[in-house]
Amino acid sequence: MGADPGYEEKYGEIFDVHAHVLPGVGDGAEDMDEAERLLLSAASQGVREVIATPHYSRRRRTDRERLQELAVQLQERMSRHDPQFRVYLGQETYYHEELPERLKEGQALTMAGSRYVLMEFDTAVLYTTLSRGVRRLAEAGYVPVLAHMERYRCLRDEDRIRETAKYGCVMQMNYDSIRGHWFQPEVRWCRKQVLDGTIQLLGTDMHRRDFRPPEIMEAVRWLSKNLSRERFEDLTYLNARRMTEDEAIPL
Ligand SMILES: [Fe+2]
């Protein structure tokens, strides 16, 4: 998929904070060629920086050196196409009680070495469990980033979203969720969150070419049309940059 003429000048650089591109890790890209093709497709839609976020769960031991090595190899592949393209390493961590300890030991990884931690729960998680997880991470000195927040049924309540943000939790939504039509209730709800300012980060959550490939252009056009330039840049690039630089993301 190619971008239309003027697309990049119009929308600027995009920073994707959620991508299962490291090859052969979990349910992400199968091999380095597929990883490269996924990122080239993302690059053709304006993405210039990406945090690779393979899954981390309590059951799976993280081979940190291997992940770092894969991220370096993928960076080298992408540098051949575009010397400015950047690949960072993070993880999408499945929350469990020992997560703060695993992060301290380096068994689970933060986002690009910052204090930010991309975390996910079961989609049917109870609000009390989600809220406690967010608070435990914050108390341990990390900044929780809730992955694809639109998936949690317990957060279909604006008071709860506000309360979660009060504990310092950053909200990430998938680009895919704001694509579609206003008459789809799901799309409408997600767009409302973006317009209300409850979302700080967006990601593709790309996996494979046949499973959630990066397709952001429609969402990017909608964002650009419906948000101020400042807010658009915060969501598509600047907040991600703040995260990698370990600066505060305004909530
Ligand atoms: Fe994911």
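See above for the structure.
Residue positions are given per chain, counting from 1 as you read along its sequence in written order. Selection of residues for local features in this predicted model requires a pLDDT of at least 70, selection of side-chain atom pairs for listing and counting requires 80 or more, and totals for whole chains, interfaces and linings are taken over all residues.

Topic: the overall build of the chain
Operational definition: The helix count covers DSSP runs of H or I at least four residues long, the strand count covers runs of E at least two residues long, and both are numbered beginning at the N terminus. The globule rule used here is 2.2 Å times the number of residues to the 0.38 power, and the radius of gyration it is set against is calculated over C-alpha atoms. To sort residues by exposure, count the other C-beta atoms lying within 10 Å of each residue's C-beta; 20 or more gives buried, 12 or fewer gives exposed, and values between give partly exposed, all with C-beta atoms placed from the backbone. By the criterion used throughout, residues are in contact when their C-beta atoms, derived from the backbone, lie within 7 Å.
When helices and strands are counted, the chain shows 9 helices and 9 strands. Since a compact globule built from 251 residues should have a radius of gyration of about 18 Å, the 17 Å found for the chain is in line with a globular shape. By its C-alpha atoms, the chain is 45 × 45 × 30 Å across when sized along the principal axes. Expressed as a percentage of its 251 residues, the buried residues of the chain come to 41%. Restricting the contact set of the chain to residue pairs at least 6 apart, pairs at least 24 apart contribute 72%.

Topic: the environment of Pro214
Relative to the helices and strands, Pro214 is located in the loop between strand 9 (201-203) and helix 8 (217-226). On a C-alpha basis, the gap between Pro214 and Thr204 in space is 5.7 Å, while along the polypeptide they are 10 residues apart. Residues within four places of Pro214 in sequence aside, it is in contact with Leu38, Ser41, Ala42, Gln45, Thr204 and Met206.

Details of the pairing of strand 7 (residues 143-146)
Inclusion rule: The pairing criterion is simple: DSSP has to find at least two bridges between the two strands. Every crossover in which the path from the first strand over the helix to the second runs clockwise, viewed with the strands pointing away from the viewer, is termed right-handed.
Strand direction decides the pairing type here: strand 6 (residues 116-120) and strand 7, joined by 4 bridges, are parallel. Among the inter-strand pairings, Leu118 is bridged to a residue of strand 7, identified as Val145. Bridge analysis of strand 7 against strand 8 (residues 170-174) gives 2 bridges, and the strand direction is parallel. Within the sheet, the bridge partner assigned to Leu146 lies in strand 8 and is Met171. In this fold, strand 7 hands off to helix 6 (residues 158-166), which returns the chain to strand 8; that crossover is right-handed.

A word on the packing of helix 2 (residues 32-43) against helix 3 (residues 64-81)
Two packed helices can be described by the angle between their axes and the distance between those axes. As a reminder of what qualifies: Inter-axis angles, ranging from 0 to 180 degrees, are taken between N-to-C directions of lines fitted to C-alpha atoms, where helices are fitted over the stretch in contact. Oblique is the label for any angle not covered by the other classes, which are roughly parallel (under 35 degrees), roughly antiparallel (over 145) and roughly perpendicular (65 to 115). By convention the crossing between two helices is left-handed if the near helix lies anticlockwise of the far one by an angle smaller than a right angle, and right-handed if it lies clockwise.
Look at helix 2 against helix 3: their axes get within 10 Å of each other, and the N-to-C directions meet at 50°. Classified by the angle their axes make, helix 2 and helix 3 are oblique. Crossing of helix 2 against helix 3: the hand is right-handed. Here Met32, Ala35, Glu36, Leu39 and Leu40 of helix 2 come into contact with helix 3, specifically with Gln73, Leu74, Arg77, Met78 and His81.

Let's talk about the sheet that holds strand 1 (residues 14-19)
Pairing in this open sheet of 3 strands is parallel, and the strands run 1-2-4 from one edge to the other. Of all strands in the sheet, those with a lone pairing partner are strand 1 and strand 4 (86-89), marking the two edges. The mean angle between the axes of side-by-side strands here comes to 20°, regardless of whether they run parallel or antiparallel. Where strand 1 meets strand 2 (residues 47-52), 4 bridges bridge the pair, whose relative direction is parallel. Along strand 2, the bridge assignment pairs Ala19 with Ala52.

Things to note about helix 7 (residues 185-196)
As a reminder, the rule being used: Residue count minus one, scaled by 1.5 Å, sets the expected span of a helix. Here the arc refers to the directions that run from the helix axis out to each C-beta atom.
Helix length check: helix 7 (12 residues) gives 16 Å between terminal C-alpha atoms against 16 Å at 1.5 Å per residue, within 8%. Taken residue by residue, helix 7 has Cys190, Arg191 and Val194 as its buried positions. Seen from one end, helix 7 has its buried residues packed into an arc of 100°, which puts them on one side. Facing away from the buried surface of helix 7 by more than 90 degrees, the exposed residues are Pro185, Trp189, Lys192 and Asp196. Following helix 7 by one or two positions, Gly197 has its phi on the positive side, about 85°.

A look at the nonpolar core
Rule in force here: Remark: nonpolar core denotes a set of buried Ala, Val, Leu, Ile, Met, Phe, Trp, Tyr and Cys residues whose joining runs through C-beta atoms within 7 Å.
By size, the foremost hydrophobic cluster in this structure holds 69 residues, and its most contacted members are Val21, Val50, Ala52, Leu74, Val117 and Val145. The leading source of residues in this core is helix 2, at 5 residues. When near neighbours in sequence (up to four residues on either side) are disregarded, Leu74 contacts Val21, Leu22, Met32, Ala35, Ala52 and Val87.

Overview of the environment of His55
Structurally, His55 is set in strand 3 (residues 55-56). Here His55 falls in the partly exposed class, since 16 other C-beta atoms lie within 10 Å of it.

Remarks on the packing of helix 8 against helix 9 (residues 229-244)
Rule in force here: Each residue is assigned to one of three groups, with Ala, Val, Leu, Ile, Met, Phe, Trp, Tyr, Cys and Pro labelled nonpolar, Asp, Glu, Lys and Arg labelled charged, and all others, Gly among them, labelled polar.
Between helix 8 and helix 9, the least distance of the axes is 8 Å, while the angle of their chain directions is 150°. When the axis of helix 8 is compared with that of helix 9, the two are roughly antiparallel. Helix 9 is crossed by helix 8, and the crossing has right-handed handedness. Here Val220, Leu223 and Ser224 of helix 8 lie close against helix 9, whose contacting residues are Phe232, Leu235 and Thr236. Taken together, the residues of the contact of helix 8 with helix 9 sort by class into 4 nonpolar, 2 polar and no charged.

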